Amino acid sequence: MNRERNRFREREREMGMERLRELTPIVKEALQNTARVANFFCLLHFTGAYMCTVAKLVGPSMLPTFNDGNLVLTERITTRSEKVGSGDVVLVRAPDDPRKVVAKRVKGVEGDVVSYLLDPKKTDELNTVVVPKGHIWIEGDNAHNSHDSRQFGPVPYALLHSRVFFVVWPPADFRSVGNKVLRF
Amino acid sequence: MANGNFIWNVGRKYFAAGVIGLAISDRYASLMAVRGSSMAPTFNPYERKSSRSVSDDYVLVEKLCLGKYEFVRGDVVVFRSPSNYKEKNVKRITALPGDSVHLPSFDTVRIPSGHCWVEGDSSACSLDSRSFGPIPLGLICGRITHVEWPPQRMGKVDSGVSEDRLPFTT
(Lines give C-alpha, C1' and ligand atoms only; values in the text may rest on other atoms or scores of the structure.)
Protein backbone atom coordinates (compact mmCIF):
# COMPACT_ATOMS: atom_id res chain seq x y z
CA MET A 1 0.00 0.00 0.00
CA ASN A 2 2.77 2.41 0.98
CA ARG A 3 4.81 1.56 -2.08
CA GLU A 4 1.80 2.29 -4.30
CA ARG A 5 1.25 5.65 -2.61
CA ASN A 6 4.90 6.57 -3.00
CA ARG A 7 4.88 5.64 -6.67
CA PHE A 8 1.72 7.70 -7.18
CA ARG A 9 3.29 10.76 -5.56
CA GLU A 10 6.46 10.35 -7.62
CA ARG A 11 4.45 10.28 -10.83
CA GLU A 12 2.57 13.39 -9.79
CA ARG A 13 5.83 15.22 -9.11
CA GLU A 14 7.21 14.15 -12.48
CA MET A 15 4.13 15.41 -14.28
CA GLY A 16 4.31 18.72 -12.46
CA MET A 17 7.97 19.13 -13.41
CA GLU A 18 7.15 18.31 -17.04
CA ARG A 19 4.48 21.01 -17.17
CA LEU A 20 6.88 23.51 -15.63
CA ARG A 21 9.49 22.61 -18.23
CA GLU A 22 6.95 23.13 -21.01
CA LEU A 23 5.92 26.53 -19.69
CA THR A 24 9.42 27.89 -18.99
CA PRO A 25 10.35 28.82 -22.57
CA ILE A 26 6.95 30.49 -23.05
CA VAL A 27 7.32 32.51 -19.86
CA LYS A 28 10.86 33.39 -20.84
CA GLU A 29 9.77 34.62 -24.24
CA ALA A 30 6.91 36.63 -22.74
CA LEU A 31 9.32 38.34 -20.34
CA GLN A 32 11.77 39.06 -23.15
CA ASN A 33 9.06 40.59 -25.31
CA THR A 34 7.84 42.75 -22.42
CA ALA A 35 11.41 43.94 -21.89
CA ARG A 36 11.72 44.79 -25.58
CA VAL A 37 8.45 46.79 -25.55
CA ALA A 38 9.49 48.63 -22.37
CA ASN A 39 12.87 49.40 -23.94
CA PHE A 40 11.16 50.73 -27.05
CA PHE A 41 8.91 53.08 -25.07
CA CYS A 42 11.81 54.35 -23.01
CA LEU A 43 13.78 55.06 -26.19
CA LEU A 44 10.74 56.88 -27.57
CA HIS A 45 10.57 58.98 -24.41
CA PHE A 46 14.28 59.77 -24.65
CA THR A 47 13.98 60.92 -28.26
CA GLY A 48 10.85 62.95 -27.60
CA ALA A 49 12.11 64.63 -24.45
CA TYR A 50 15.71 65.33 -25.40
CA MET A 51 15.94 65.45 -29.18
CA CYS A 52 13.13 65.84 -31.63
CA THR A 53 9.35 65.53 -31.67
CA VAL A 54 6.34 66.31 -33.88
CA ALA A 55 3.65 68.82 -32.97
CA LYS A 56 0.36 69.95 -34.49
CA LEU A 57 -0.24 73.68 -34.54
CA VAL A 58 -3.72 75.05 -33.95
CA GLY A 59 -5.13 78.54 -33.95
CA PRO A 60 -4.53 81.70 -36.00
CA SER A 61 -1.88 83.38 -33.86
CA MET A 62 1.08 82.53 -36.12
CA LEU A 63 -0.47 83.47 -39.49
CA PRO A 64 0.88 83.88 -42.14
CA THR A 65 3.91 81.83 -41.12
CA PHE A 66 1.91 78.81 -40.00
CA ASN A 67 -1.63 77.74 -40.74
CA ASP A 68 -4.06 75.97 -38.47
CA GLY A 69 -3.31 72.25 -38.75
CA ASN A 70 0.35 72.44 -39.76
CA LEU A 71 2.47 69.56 -38.47
CA VAL A 72 5.93 70.69 -37.46
CA LEU A 73 9.18 69.13 -36.30
CA THR A 74 10.53 70.58 -33.07
CA GLU A 75 13.90 70.05 -31.43
CA ARG A 76 14.84 70.39 -27.76
CA ILE A 77 18.60 70.67 -28.07
CA THR A 78 18.60 74.44 -28.59
CA THR A 79 16.21 75.08 -25.73
CA ARG A 80 18.07 72.86 -23.27
CA SER A 81 21.44 74.42 -24.11
CA GLU A 82 20.04 77.97 -23.77
CA LYS A 83 20.86 78.92 -27.35
CA VAL A 84 17.40 80.22 -28.21
CA GLY A 85 17.63 83.68 -29.75
CA SER A 86 15.47 86.44 -31.10
CA GLY A 87 13.44 85.40 -34.15
CA ASP A 88 13.18 81.68 -33.31
CA VAL A 89 9.75 80.09 -33.37
CA VAL A 90 9.31 78.13 -30.14
CA LEU A 91 6.76 75.99 -28.34
CA VAL A 92 6.13 77.40 -24.88
CA ARG A 93 4.07 76.15 -21.95
CA ALA A 94 1.40 78.84 -21.49
CA PRO A 95 1.87 80.85 -18.26
CA ASP A 96 -1.87 81.07 -17.71
CA ASP A 97 -2.59 77.37 -18.26
CA PRO A 98 0.23 74.86 -17.71
CA ARG A 99 -1.64 72.18 -19.64
CA LYS A 100 -1.43 74.14 -22.91
CA VAL A 101 1.64 74.40 -25.09
CA VAL A 102 1.55 77.32 -27.55
CA ALA A 103 3.68 78.26 -30.54
CA LYS A 104 5.05 81.80 -30.67
CA ARG A 105 8.08 83.71 -31.95
CA VAL A 106 10.79 84.98 -29.59
CA LYS A 107 10.99 88.74 -29.97
CA GLY A 108 13.47 89.41 -27.15
CA VAL A 109 15.72 87.61 -24.68
CA GLU A 110 16.93 88.82 -21.27
CA GLY A 111 18.30 92.32 -21.37
CA ASP A 112 16.61 93.24 -24.67
CA VAL A 113 14.38 96.29 -24.96
CA VAL A 114 11.04 95.43 -26.55
CA SER A 115 8.43 97.90 -27.87
CA TYR A 116 4.92 96.98 -28.80
CA LEU A 117 1.64 98.67 -29.66
CA LEU A 118 -0.62 98.85 -26.65
CA ASP A 119 -3.80 98.50 -28.66
CA PRO A 120 -3.26 98.09 -32.43
CA LYS A 121 -6.90 98.82 -33.25
CA LYS A 122 -7.33 102.00 -31.28
CA THR A 123 -4.11 103.90 -30.60
CA ASP A 124 -0.56 104.21 -31.88
CA GLU A 125 0.82 104.24 -28.35
CA LEU A 126 4.00 102.25 -27.89
CA ASN A 127 4.95 100.54 -24.65
CA THR A 128 8.61 99.79 -23.99
CA VAL A 129 9.72 96.96 -21.74
CA VAL A 130 13.13 95.64 -20.71
CA VAL A 131 13.07 91.84 -20.60
CA PRO A 132 14.20 90.79 -17.08
CA LYS A 133 16.91 88.25 -16.33
CA GLY A 134 15.95 84.65 -17.06
CA HIS A 135 12.90 85.64 -19.15
CA ILE A 136 11.98 85.93 -22.83
CA TRP A 137 9.41 87.96 -24.73
CA ILE A 138 7.21 86.03 -27.14
CA GLU A 139 4.75 87.33 -29.72
CA GLY A 140 2.60 85.67 -32.32
CA ASP A 141 3.18 86.67 -35.94
CA ASN A 142 -0.51 87.54 -36.27
CA ALA A 143 -0.43 90.69 -34.16
CA HIS A 144 -4.19 91.20 -34.24
CA ASN A 145 -5.19 87.74 -33.06
CA SER A 146 -2.53 86.51 -30.69
CA HIS A 147 -2.53 86.11 -26.90
CA ASP A 148 1.13 86.53 -25.99
CA SER A 149 3.64 88.52 -23.93
CA ARG A 150 1.78 91.72 -24.76
CA GLN A 151 -0.96 90.39 -22.50
CA PHE A 152 0.79 88.14 -19.98
CA GLY A 153 4.23 89.75 -19.84
CA PRO A 154 7.69 88.23 -20.20
CA VAL A 155 7.85 84.47 -19.78
CA PRO A 156 10.50 82.63 -17.67
CA TYR A 157 13.00 80.77 -19.84
CA ALA A 158 12.18 77.44 -18.14
CA LEU A 159 8.71 77.46 -19.71
CA LEU A 160 10.28 76.97 -23.13
CA HIS A 161 9.46 73.56 -24.50
CA SER A 162 11.17 73.25 -27.88
CA ARG A 163 12.17 75.11 -31.06
CA VAL A 164 10.28 74.65 -34.33
CA PHE A 165 12.61 74.05 -37.25
CA PHE A 166 10.64 72.27 -40.00
CA VAL A 167 7.11 72.09 -41.36
CA VAL A 168 6.21 68.60 -42.55
CA TRP A 169 2.45 68.73 -43.25
CA PRO A 170 0.64 69.55 -45.46
CA PRO A 171 3.10 68.65 -48.22
CA ALA A 172 2.49 72.00 -49.92
CA ASP A 173 4.01 73.74 -46.88
CA PHE A 174 7.07 71.47 -46.59
CA ARG A 175 9.96 73.80 -45.70
CA SER A 176 12.44 74.69 -43.02
CA VAL A 177 11.59 77.43 -40.52
CA GLY A 178 13.96 80.34 -40.14
CA ASN A 179 13.99 83.31 -37.87
CA LYS A 180 12.57 85.92 -40.23
CA VAL A 181 8.91 86.81 -40.25
CA LEU A 182 7.27 86.27 -43.65
CA ARG A 183 5.95 89.52 -45.03
CA PHE A 184 3.46 89.63 -47.89
CA MET B 1 37.10 39.41 -31.76
CA ALA B 2 35.47 37.82 -28.76
CA ASN B 3 36.53 40.78 -26.62
CA GLY B 4 34.99 43.31 -28.99
CA ASN B 5 31.72 41.42 -29.00
CA PHE B 6 31.72 41.20 -25.23
CA ILE B 7 32.32 44.95 -24.81
CA TRP B 8 29.57 45.71 -27.33
CA ASN B 9 27.09 43.52 -25.47
CA VAL B 10 27.95 44.98 -22.09
CA GLY B 11 27.82 48.52 -23.49
CA ARG B 12 24.42 47.83 -25.02
CA LYS B 13 23.05 46.55 -21.71
CA TYR B 14 24.30 49.63 -19.85
CA PHE B 15 22.84 51.93 -22.48
CA ALA B 16 19.47 50.17 -22.27
CA ALA B 17 19.52 50.36 -18.47
CA GLY B 18 20.44 54.04 -18.66
CA VAL B 19 17.60 54.89 -21.02
CA ILE B 20 15.07 52.98 -18.89
CA GLY B 21 16.35 54.73 -15.73
CA LEU B 22 16.07 58.11 -17.44
CA ALA B 23 12.53 57.46 -18.59
CA ILE B 24 11.46 56.33 -15.11
CA SER B 25 13.05 59.33 -13.41
CA ASP B 26 11.50 61.74 -15.91
CA ARG B 27 7.98 60.34 -15.92
CA TYR B 28 7.37 58.63 -12.59
CA ALA B 29 9.68 59.37 -9.66
CA SER B 30 13.28 60.20 -8.83
CA LEU B 31 15.51 60.86 -5.84
CA MET B 32 16.86 64.31 -5.18
CA ALA B 33 19.13 65.96 -2.60
CA VAL B 34 17.79 69.06 -0.88
CA ARG B 35 20.34 71.82 -0.28
CA GLY B 36 19.95 74.78 2.00
CA SER B 37 17.77 75.36 5.03
CA SER B 38 14.88 77.41 3.62
CA MET B 39 12.55 74.45 4.22
CA ALA B 40 13.63 73.78 7.83
CA PRO B 41 12.32 71.92 9.81
CA THR B 42 10.78 69.82 7.01
CA PHE B 43 14.14 69.29 5.25
CA ASN B 44 17.68 69.90 6.55
CA PRO B 45 16.52 71.04 9.99
CA TYR B 46 20.02 71.58 11.33
CA GLU B 47 22.01 74.50 10.02
CA ARG B 48 25.39 73.41 8.78
CA LYS B 49 28.40 75.62 8.44
CA SER B 50 29.74 73.76 5.42
CA SER B 51 27.51 72.22 2.79
CA ARG B 52 28.63 68.61 3.03
CA SER B 53 26.52 66.58 0.68
CA VAL B 54 26.49 63.57 3.01
CA SER B 55 24.35 65.42 5.51
CA ASP B 56 21.73 66.63 3.01
CA ASP B 57 18.25 65.21 3.05
CA TYR B 58 17.34 62.99 0.12
CA VAL B 59 13.71 63.07 -0.99
CA LEU B 60 11.44 61.22 -3.39
CA VAL B 61 10.12 63.48 -6.16
CA GLU B 62 7.08 62.19 -8.02
CA LYS B 63 6.41 63.35 -11.57
CA LEU B 64 2.93 61.93 -12.10
CA CYS B 65 1.42 65.28 -11.03
CA LEU B 66 2.82 66.89 -14.19
CA GLY B 67 0.09 65.37 -16.32
CA LYS B 68 -2.77 67.44 -14.98
CA TYR B 69 -0.96 70.07 -12.89
CA GLU B 70 -3.46 69.65 -10.07
CA PHE B 71 -1.86 70.83 -6.85
CA VAL B 72 -3.30 71.62 -3.45
CA ARG B 73 -2.21 74.18 -0.88
CA GLY B 74 0.52 72.60 1.21
CA ASP B 75 2.20 70.55 -1.54
CA VAL B 76 5.99 70.74 -1.45
CA VAL B 77 7.17 71.16 -5.03
CA VAL B 78 10.41 71.36 -7.01
CA PHE B 79 10.38 74.14 -9.59
CA ARG B 80 12.83 75.87 -11.91
CA SER B 81 13.75 79.32 -10.65
CA PRO B 82 12.06 82.07 -12.73
CA SER B 83 15.25 84.09 -12.88
CA ASN B 84 17.68 81.26 -13.55
CA TYR B 85 16.70 78.40 -15.82
CA LYS B 86 19.38 76.03 -14.49
CA GLU B 87 18.46 76.34 -10.80
CA LYS B 88 15.84 74.14 -9.15
CA ASN B 89 14.20 75.31 -5.94
CA VAL B 90 12.15 73.46 -3.33
CA LYS B 91 9.29 75.33 -1.65
CA ARG B 92 5.75 74.78 -0.43
CA ILE B 93 2.66 75.98 -2.34
CA THR B 94 0.63 78.24 -0.05
CA ALA B 95 -1.82 79.79 -2.54
CA LEU B 96 -3.47 78.70 -5.78
CA PRO B 97 -4.97 80.69 -8.71
CA GLY B 98 -7.71 83.03 -7.49
CA ASP B 99 -6.44 83.31 -3.92
CA SER B 100 -5.35 86.62 -2.42
CA VAL B 101 -2.13 86.74 -0.43
CA HIS B 102 -1.45 89.41 2.18
CA LEU B 103 2.12 90.65 2.14
CA PRO B 104 3.86 91.99 5.26
CA SER B 105 3.94 95.38 3.53
CA PHE B 106 0.11 95.46 3.75
CA ASP B 107 -0.27 94.91 -0.01
CA THR B 108 -2.54 92.21 -1.35
CA VAL B 109 -1.54 90.09 -4.33
CA ARG B 110 -4.12 88.23 -6.32
CA ILE B 111 -2.77 85.03 -7.85
CA PRO B 112 -3.48 85.06 -11.62
CA SER B 113 -4.70 81.91 -13.40
CA GLY B 114 -2.05 79.31 -14.05
CA HIS B 115 0.21 80.65 -11.26
CA CYS B 116 0.83 79.78 -7.62
CA TRP B 117 2.44 81.32 -4.55
CA VAL B 118 5.36 79.40 -3.03
CA GLU B 119 6.95 79.95 0.36
CA GLY B 120 9.69 78.21 2.31
CA ASP B 121 8.81 76.72 5.70
CA SER B 122 11.53 78.80 7.34
CA SER B 123 10.36 82.35 6.59
CA ALA B 124 13.51 84.01 7.80
CA CYS B 125 15.98 82.45 5.36
CA SER B 126 13.84 81.69 2.33
CA LEU B 127 13.96 83.36 -1.08
CA ASP B 128 10.48 82.72 -2.41
CA SER B 129 7.35 84.31 -3.86
CA ARG B 130 7.65 87.17 -1.38
CA SER B 131 10.62 88.28 -3.49
CA PHE B 132 9.85 87.11 -7.03
CA GLY B 133 6.06 87.03 -6.99
CA PRO B 134 3.71 84.25 -8.05
CA ILE B 135 5.27 81.66 -10.36
CA PRO B 136 3.63 79.95 -13.36
CA LEU B 137 2.59 76.37 -12.56
CA GLY B 138 4.45 75.31 -15.71
CA LEU B 139 7.74 75.88 -13.90
CA ILE B 140 7.02 73.04 -11.50
CA CYS B 141 8.93 69.84 -12.27
CA GLY B 142 7.85 67.51 -9.49
CA ARG B 143 6.17 67.08 -6.12
CA ILE B 144 8.01 65.81 -3.05
CA THR B 145 6.14 63.09 -1.22
CA HIS B 146 8.64 61.32 1.06
CA VAL B 147 11.94 61.88 2.78
CA GLU B 148 14.23 58.92 2.10
CA TRP B 149 17.39 59.93 3.98
CA PRO B 150 18.42 60.23 6.82
CA PRO B 151 16.76 57.10 8.21
CA GLN B 152 15.58 58.75 11.40
CA ARG B 153 13.45 61.20 9.43
CA MET B 154 12.30 58.81 6.70
CA GLY B 155 8.60 59.14 6.03
CA LYS B 156 5.81 61.03 4.31
CA VAL B 157 6.15 64.80 3.99
CA ASP B 158 3.57 66.71 5.97
CA SER B 159 1.38 68.65 3.53
CA GLY B 160 -0.20 71.24 5.78
CA VAL B 161 0.07 75.01 5.74
CA SER B 162 0.39 76.86 9.04
CA GLU B 163 -2.56 79.04 10.08
CA ASP B 164 -0.89 82.41 9.68
CA ARG B 165 0.16 81.60 6.11
CA LEU B 166 -3.24 80.66 4.79
CA PRO B 167 -4.35 82.95 2.00
CA PHE B 168 -7.79 84.44 1.58
CA THR B 169 -9.65 82.26 -0.88
CA THR B 170 -12.28 83.70 -3.16
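Residues numbered from 1 in each chain as written. Chains lettered and ligands numbered in written order. Predicted model: local features only at pLDDT ≥ 70, side-chain atom pairs only at ≥ 80, totals over all residues. Heavy atoms only, no water.

Undergrad: Quick rundown of the overall build of chain B? Include the residues and the values.
TA: Along its length, chain B carries 2 helices and 10 strands. Element order for chain B, N to C, with α for helix and β for strand: α-β-β-β-β-β-β-β-α-β-β-β. Looking at chain B alone, contacts between residues at least 24 apart form 59% of all its contacts between residues at least 6 apart. (Helix = DSSP H or I, 4+ residues; strand = E, 2+ residues; numbered from the N terminus. Contact = heavy atoms within 4.5 Å.)

Undergrad: Would you mind going over the UniProt feature "domain: Peptidase S26" (unreviewed entry) in chain B in detail, with residue names and values included?
TA: According to UniProt, the feature "domain: Peptidase S26" (unreviewed entry) maps to residues 9–102 and 106–147 of chain B in the numbering used here. In the segment residues 106–147 of chain B, helix accounts for 10% and strand for 43%; the C-alpha atoms at its two ends are 36 Å apart. (UniProt positions renumbered as here; feature names shortened; annotations may be inferred.)

Undergrad: Any details on the UniProt feature "domain: Peptidase S26" (unreviewed entry) in chain A? Residues and values, ideally.
TA: Under the present numbering, the feature "domain: Peptidase S26" (unreviewed entry) in UniProt falls on residues 41–116 and 127–169 of chain A. With 18% helix and 36% strand, the stretch residues 41–116 of chain A has end C-alpha atoms that lie 44 Å from each other.

Undergrad: Any details on the state of the cysteines? Residues and values, ideally.
TA: All told, the structure shown has 0 disulfides over all chains when counted by the stated rule. With no disulfide partner, Cys52 of chain A has as its closest neighbouring cysteine sulfur the one in Cys42 of chain A, 19 Å distant. (Disulfide = S-S within 2.5 Å.)

Undergrad: Requested: an account of unusual backbone geometry, with residues and values cited.
TA: In this model, Leu63 of chain A is joined to Pro64 of chain A through a cis peptide bond whose omega is -5 degrees. Relative to the helices and strands, Pro64 of chain A is located in the loop between β1 (52–56) and β2 (71–75). With an omega of -5 degrees, the peptide bond between Ala40 of chain B and Pro41 of chain B qualifies as cis. The phi torsion at Glu82 of chain A lies on the positive side, around 55 degrees, for a residue other than glycine. Positive phi, normally seen in glycine, also occurs at Phe106 of chain B, with a value near 65 degrees. Locating Phe106 of chain B in the fold gives a position in the loop between β5 (100–102) and β6 (108–110).

Undergrad: Provide a residue-level description of the interface of chain B and chain A, including the pertinent values.
TA: It is common to give the size of an interface as the accessible area that goes away when the parts come together. Taken residue by residue, the interface counts 23 residues in chain B and 22 residues in chain A. Note on chain B versus chain A: buried area summed over both sides is about 1900 Å², and carbon and sulfur give 66% of it. Three residues, Val19, Tyr69 and Tyr85 of chain B, lead the burial of chain B against chain A; their summed loss comes to 27% of the area buried on that side. At the junction of chain B and chain A, the tally comes to 1 salt bridge. (Buried area = accessible area lost by both parts, 1.4 Å probe. Salt bridge = Lys/Arg side-chain N within 4 Å of Asp/Glu carboxyl O.)

Undergrad: So, the UniProt feature "active site" (unreviewed entry) in chain B: which residues are in play, and what are the values?
TA: All names here are of chain B. The positions that UniProt labels "active site" (unreviewed entry) are, in the present scheme, Ser38 and Lys91. Annotated residues spanning 54 residues; largest pairwise C-alpha distance 8.0 Å, indicating a single compact cluster. By the element assignment, Ser38 lies in the loop between β1 (29–34) and β2 (57–62). Ser38 gets classed as buried once you look at its relative accessible area, which sits at 12%. If sequence neighbours within four positions are ignored, Ser38 has contacts with Val90, Lys91, Gly120, Asp121, Ser122, Cys125 and Ser126. Tracing the backbone through its elements, the reader meets Lys91 in strand β4 (residues 88–95). A polar atom in the side chain of Lys91 sits 3.0 Å from the side chain of Ser38. (Buried < 20%, exposed > 50% of the residue type's maximum accessible area, 1.4 Å probe, protein only. Polar contact = N/O pair within 3.5 Å; in protein donor to acceptor, adjacent residues only side chain to side chain.)

Undergrad: An account of the packing of aromatic side chains is requested, with residue identities and associated values reported.
TA: Scanning all chains against the criterion turns up 8 aromatic pairs over all chains. Put simply, the rings of Phe165, Phe166 and Phe174 of chain A pair up and form one aromatic cluster. (Phe/Tyr/Trp six-rings, centres within 6.5 Å; stacked < 30°, edge-to-face > 60°.)

Undergrad: I'd love a proper account of the side chain of His135 of chain A, names of residues and values included.
TA: The residue His135 of chain A is located in strand β7 (residues 135–139) in this model. When neighbours within four sequence positions are excluded, His135 of chain A is seen to be in contact with Val109, Glu110, Pro154, Val155, Pro156 and Tyr157 of chain A together with Pro82 of chain B.

Undergrad: Report on helix α1 (residues 2–50) of chain A, specifying residues and quantitative values.
TA: The end-to-end C-alpha distance of α1 of chain A, which contains 49 residues, comes to 69 Å, matching closely the 72 Å that a straight helix rising 1.5 Å per residue would cover. The largest bend along α1 of chain A reaches roughly 30 degrees and is located at Leu23 of chain A, with the proline Pro25 of chain A sitting one to four residues downstream. The set of residues buried in α1 of chain A consists of Cys42, His45 and Ala49 of chain A. The elements touched by buried residues of α1 of chain A are α2 (77–80) of chain A together with α1 (2–27) of chain B. (Expected span 1.5 Å × (residues − 1). Bend = angle between axes of the 7 residues up to and from the residue.)

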